[in-house]
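# Structural overview for review
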Amino acid sequence: MGILLSWLVLTIAVWVTALLLPGFRIKGFGSAIVVAALFGVLNFLLGWLFFTIFAIGTLGLAVLLAFITRWIINAIILKIVDGITDKVTIDSFGWALGAALVMSGAGSLAEWGLRAVGIG
């Protein structure tokens, strides 16, 4: 149940991001579901690897600035999702950074809201 709820929250975050950012486009809510699934799987499979590479490459600075590092990694993963599916179009890496930020905010708000009503 937890994975499905997380997927739903991420799907809504993707959809809201597409509504707010003109450089981040999806074809519809069904596409948001697919994009959220791909993003979630890639983040699970590659997120830790990218974080480790960043931490080693910056001599530990990435760990100290974990929020910024995670933000950049999420933008990279969004661009990878853009490359492997036609369900999302991201105009540039700058739009991917903005989308990663909006998705993080929207996802955090949704999870907070679900916890507040006793669902999450």
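Nothing here was measured: the structure is a model prediction, and the numbers come from that model. Residues take numbers from 1 onward in each chain, read along the sequence in its written order. Residue-level local features of this predicted model are given only where pLDDT is at least 70; pairs of side-chain atoms are given and counted only at 80 or more, and the full residue set underlies all totals for whole chains, interfaces and linings. Heavy atoms from the whole structure form the basis of all side-chain values; hydrogens and water molecules are not counted.

## Concerning the pattern of salt bridges
Salt bridges are counted wherever a side-chain nitrogen of Lys or Arg sits within 4 Å of a carboxyl oxygen of Asp or Glu. Tallying each qualifying case throughout the model produces four salt bridges. Here Arg25 makes a salt bridge to Asp91, at a shortest N to O gap of 2.7 Å. Linking Arg25 in strand S1 (residues 24-26) with Asp91 in the loop between strand S2 (88-90) and helix H5 (93-116), this pair joins segments that are 66 residues apart in sequence. In this structure, Lys27 and Asp86 form a salt bridge, with 3.5 Å as the shortest nitrogen-oxygen distance. Of this pair, Lys27 sits in the loop between S1 and helix H2 (29-57) while Asp86 sits in the loop between helix H4 (66-84) and S2, and the two are 59 residues apart along the sequence. No difference in accessibility class separates Lys27 from Asp86, as the two residues are exposed. The helix and strand labels rest on DSSP assignments: H or I over at least four residues marks a helix, E over at least two residues marks a strand, and numbering proceeds from the N terminus. Accessibility here uses a 1.4 Å probe with only protein chains present; expressed as a share of the type maximum, an area under 20% marks a residue as buried, one over 50% as exposed, and anything in between as partly exposed.

## Considering the side chain of Thr85
With respect to the helices, strands and loops of the structure, Thr85 is situated in the loop between H4 and S2. Residue Thr85 is classed as buried on the basis of its relative accessible area, which comes to 13%. Think of a polar contact as two N or O atoms within 3.5 Å of one another; within protein, one of them needs to be a possible hydrogen donor and the other a possible acceptor, and neighboring residues in sequence only count if both atoms come from side chains. A polar atom in the side chain of Thr85 sits 3.2 Å from the backbone nitrogen of Lys87.

## So, the layout of surface pockets
Taken as a whole, the largest pocket encloses approximately 400 Å³ of empty space. Surrounding the largest pocket, 18 residues form its lining, Leu10, Phe39, Asn43, Met103 and Glu111 being those nearest its centre. Per-element accounting of the lining of the largest pocket gives the leading share, six residues, to H5. Any residue outside Ala, Val, Leu, Ile, Met, Phe, Trp, Tyr, Cys, Pro, Asp, Glu, Lys and Arg is labelled polar, Gly included; the first ten of those are nonpolar and the last four are charged. Here the residues of the lining of the largest pocket are counted per class, giving nine nonpolar, seven polar and two charged. Note on definitions: the grid is 1 Å and covers protein atoms alone; a cavity is a set of points where a 1.4 Å probe fits but cannot get out; a pocket is an open set with protein on both sides within 12 Å along at least five of seven lines; lining residues have an atom within 4 Å of a point. Grid points are joined across faces, edges and corners, and a volume is the space filled by probe spheres set on the points.

Purely geometric numbers; function is a separate question.
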